[in-house]
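# Examination of the molecular architecture
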Amino acid sequence: MALLIQKFGGTSVADTERIRAVARRIAASREEGHELVVVVSAMGHTTDQLTGMAASLCSDPPRREMDMLLATGEQVSIALLSMALHAEGVPAVSMTGTQAGIITESAHGRARILEVRTERLRRLLEDGHVVVVAGFQGTSSGHAGTPEITTLGRGGSDTSAVALAAALGADGCEIYTDVPGVLTTDPRKVGDAQLMESVSCDEMLELASLGAAVLHPRAVEIARNYGVPLTVRSSWSQAPGTRLTSGPARPIGSEGLELGRPVDGAELEADQAVLALSHVPDRPGVAATLFEALGAAGLNVDLIVQAIHEGASNDIAFTLAATEMERARQVCQEVLAAMGADGAQLSAEAGMAKLSIAGAGILGRPGVAARLFDTMARLGINLRLIATSEVKVSCVVDGQLGARALRAAGEAFELADQQLRHDPPPCHLGDPAVRGVALDRDQVQVSVRRVPDRPGAAAAICRALADAGISLDAIVQSERTHGGPEDRRRDMSFTLRRDDRPGAERALAPILRQWDGACFEEGPAIARVSAVGAGMACTAGTAARMFRSLADAGINISLIATSEIRTSCVVAEADGVRALQAVHQAFGLGGATRHSAQGTEAPA
Ligand SMILES: Nc1ncnc2c1ncn2[C@@H]1O[C@H](COP(=O)(O)OP(=O)(O)O)[C@@H](O)[C@H]1O
Ligand SMILES: N[C@@H](CC(=O)OP(=O)(O)O)C(=O)O
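An unreviewed UniProt entry lists the protein under the name aspartate kinase, from Cyanobium gracile UHCC 0139. Listed in UniProt under the heading Catalytic activity (unreviewed entry), the comment for the protein reads: "L-aspartate + ATP = 4-phospho-L-aspartate + ADP". Its UniProt record gives the protein a comment under Sequence similarities (unreviewed entry), which states: "Belongs to the aspartokinase family."

### Observations concerning the overall build of the protein
Broken down by element type, the protein carries 15 helices and 26 strands. Over its C-alpha atoms the protein spans a radius of gyration of 25 Å, differing by no more than 12% from the 25 Å that the globule rule assigns to 604 residues. Considering only C-alpha atoms, the protein reaches an extent of 75 × 55 × 50 Å along its principal axes. The buried share among the 604 residues of the protein stands at 57%. Restricting the contact set of the protein to residue pairs at least 6 apart, pairs at least 24 apart contribute 78%. About 24000 Å² of surface is accessible on the protein, with carbon and sulfur atoms providing 49% of the total. Put simply, the protein has 56 plus and 72 minus side-chain charges, and the middle of one group is 1 Å from the middle of the other.

### A word on the pattern of salt bridges
Overall, the coordinates contain 42 salt bridges when judged by the stated rule. Where Arg-218 meets Glu-258, a salt bridge forms, and the shortest distance between an N and an O atom there is 2.9 Å. Of this pair, Arg-218 sits in helix α7 (residues 217-226) while Glu-258 sits in the loop between β12 (242-245) and β13 (265-280); the two residues are 40 residues apart in sequence, bridging distant segments of the chain. Here Arg-218 falls in the buried class, since its relative accessible area comes to 8%. For Arg-578, the salt bridge goes to Asp-575, with nearest N and O atoms at 3.3 Å. Several salt bridges share partner residues, and in doing so they unite Glu-267, Glu-269, Asp-302, Lys-354, Lys-392, Arg-421 and Glu-564 into one network.

### Considering the sheet that holds strand β9 (residues 172-177)
Pairing is mixed across the open sheet formed by 8 strands, whose spatial order is β3-β6-β2-β1-β9-β11-β12-β10. Whereas interior strands pair on both sides, the edge strands pair on one side only; in this sheet they are β3 (92-95) and β10 (198-200). Recorded for the sheet is a direction-independent mean angle of 20 degrees between the axes of neighbouring strands. Alignment of β9 against strand β11 (residues 230-234), held across 5 bridges, turns out to be parallel. Bridge pairing in β11 places Ile-175 opposite Val-232. Taken strand by strand, helix α1 (residues 16-31) contacts β1 (3-8), β2 (35-40), β6 (130-134), β9 and β11, and its axis lies near 170 degrees from that of β1.

### Digging into the packing of helix α5 (residues 157-168) against α7
Put simply, α5 and α7 touch, their axes get as near as 8 Å, and they point 15 degrees apart. The angle between the axes of α5 and α7 places the two elements in the roughly parallel class. For the crossing formed where α5 meets α7, the hand is left-handed. Between α5, through Asp-158, Thr-159, Val-162, Ala-163 and Ala-166, and α7, the contact on the second element is made entirely by Arg-218, Ala-219, Ile-222, Ala-223 and Tyr-226. Tallied by class, the residues present in the contact of α5 with α7 amount to 7 nonpolar, 1 polar and 2 charged.

### Digging into the site of ligand 1
The environment of ligand 1 is formed by 18 residues, the closest being Thr-11, Thr-177, Asp-178, Asp-186 and Arg-188. A distance of 2.8 Å separates an oxygen atom of ligand 1 from a polar side-chain atom of Thr-11. A class-by-class count of the residues in the shell around ligand 1 yields 8 nonpolar, 6 polar and 4 charged.

Rules behind the numbers
Residues numbered from 1 in each chain as written. Chains lettered and ligands numbered in written order. Predicted model: local features only at pLDDT ≥ 70, side-chain atom pairs only at ≥ 80, totals over all residues. Heavy atoms only, no water. UniProt positions renumbered as here; feature names shortened; annotations may be inferred. Helix = DSSP H or I, 4+ residues; strand = E, 2+ residues; numbered from the N terminus. Rg over C-alpha atoms; globule rule 2.2 N^0.38 Å. Buried < 20%, exposed > 50% of the residue type's maximum accessible area, 1.4 Å probe, protein only. Contact = heavy atoms within 4.5 Å. Areas by Shrake-Rupley, 256 points an atom, 1.4 Å probe, with all protein chains shown as cover. Lys, Arg positive; Asp, Glu negative; His and termini not counted. Charge placed at Lys NZ, Arg CZ, Asp CG, Glu CD. Salt bridge = Lys/Arg side-chain N within 4 Å of Asp/Glu carboxyl O. Pairing = 2+ DSSP bridges. Axes fitted to C-alpha atoms, helices over the stretch in contact; angles between N-to-C directions. Parallel < 35°, antiparallel > 145°, perpendicular 65-115°, else oblique. Left-handed = near helix turned anticlockwise from the far one by under 90°. Nonpolar A, V, L, I, M, F, W, Y, C, P; charged D, E, K, R; others polar. Near = heavy atom within 4 Å. Polar contact = N/O pair within 3.5 Å; in protein donor to acceptor, adjacent residues only side chain to side chain.

Here's what the structure looks like:
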């Protein structure tokens, strides 16, 4: 007999017929002897409909009232499912998040779970009940100690389910949805997407936060932190679905279930070089040609960043081992000459070091990157290049300052000596370079022009955004500079969530006023296509293959950002789905089996 948490998403409980089918499935699990806690979402697109109703009445509804409204969606499904279970002869009790003991922060609309008080759930389980819990919601103790209904943010029922599994020490958490499991990409957009039997939590964290809606990244983070056995399966079949694999678990600390220490370790990779090209022509195929040539010369590139800048030409920078710098410089020169890129400039700097902090708690906490950059700024260390992902933040700094930078990062994140590593071993050869690809159309690209090129500038931008609760992705500094040595400026581009754009402009206004001539600039509508795989860092040529597939489809790349296990390209919004299809095909991810989603896409 096992204790299982089963979560059924909105599509699986979209109407009473489906609720009945879910009840039968739960009854069958119980027949097998399992103890069950069931988490459900609101029926179908209820949450979108409620949000639409609120918007029709008020342009900026109070967050407290939004939580009060949205929490009703899940309350309908728990009651109906419990009734359907009674009809199947299963003793079931429905519980709101509050009744189930889900205690959260007081941040309305995006609350993190602090703890789950499991006494009542355990008593009901001992009495033989199936407990049906409303996902996506909890309760805070409020400012004056008064309990308030909170919601966890869109897609939050996955988070509720995995948090309950962690707190109850369940034997497994099963996410039932409208697809057979985690596929190589969204089957609604790519017809031949294939099922993955297993995927690591690190890879899933990236995929989920880059657009794979099948699992919420916060749920993956909890599963990874506490070692919850997690599977994703279809509500309509008995097939085993996808198993998530994670490293060793850690005990639930006193700091809050979702708020544990965000950073697990820091590492420094010495002897790096930065190659930088500026004023490169902005047309499809440039990045592909360059990185193919580097790959053909046997050069393994690590981080890559690229963005379009003033004059509609590109700046591209990448890092690799310093021992390979001269050969890389030669290859770049040859490629630029062959392209006839007369106005392009090339620079190469050895003696650099890459400092990285890693931890599943970085996800959704923009303050973590900001704290790292603040720490560097206080030491007067300039950031040559920045790469961010959901589980890692890296920056390239002057190699002579590397050891100091690592120590300071260790102090800032309260890391013990054994959590600080010099020159970490390379990744495991044999991991697939690309497991899956994802498309995110919820992002916008923005630029901040004429940022002072001195320590602390990137930190100030990240800090201002972090204080406003805004996460940045893909931060790219231009290679070209404006102004003389006294007042040298660079442009910075980044992507952020579409909803956050107005808030970002407001948050940055005070600092931009201090930097004479600096300004905020919105880019065109974009889509971000990303490839993710644990073997990416040790498989030469992966990025080049992605760039080539886009070039062959005639798609221009306006921004490139990589981290260890992913490469993201920003393209025009209209090219998004075609870009996803091209990249999926380029890595041979398609197959003969057809998997389709049962639900309908959420209304725009
Ligand atoms: N890599 C992927 N694998 C599987 N499904 C994906 C992937 N990327 C996006 N999806 C989409 O996620 C959807 C499931 O998530 P969601 O609609 O939130 O389900 P639920 O209603 O069960 O919560 C699928 O219908 C599919 O279109
Ligand atoms: N009902 C909430 C929570 C949720 O997780 O839903 P689903 O499991 O259907 O993605 C939402 O729509 O955001």
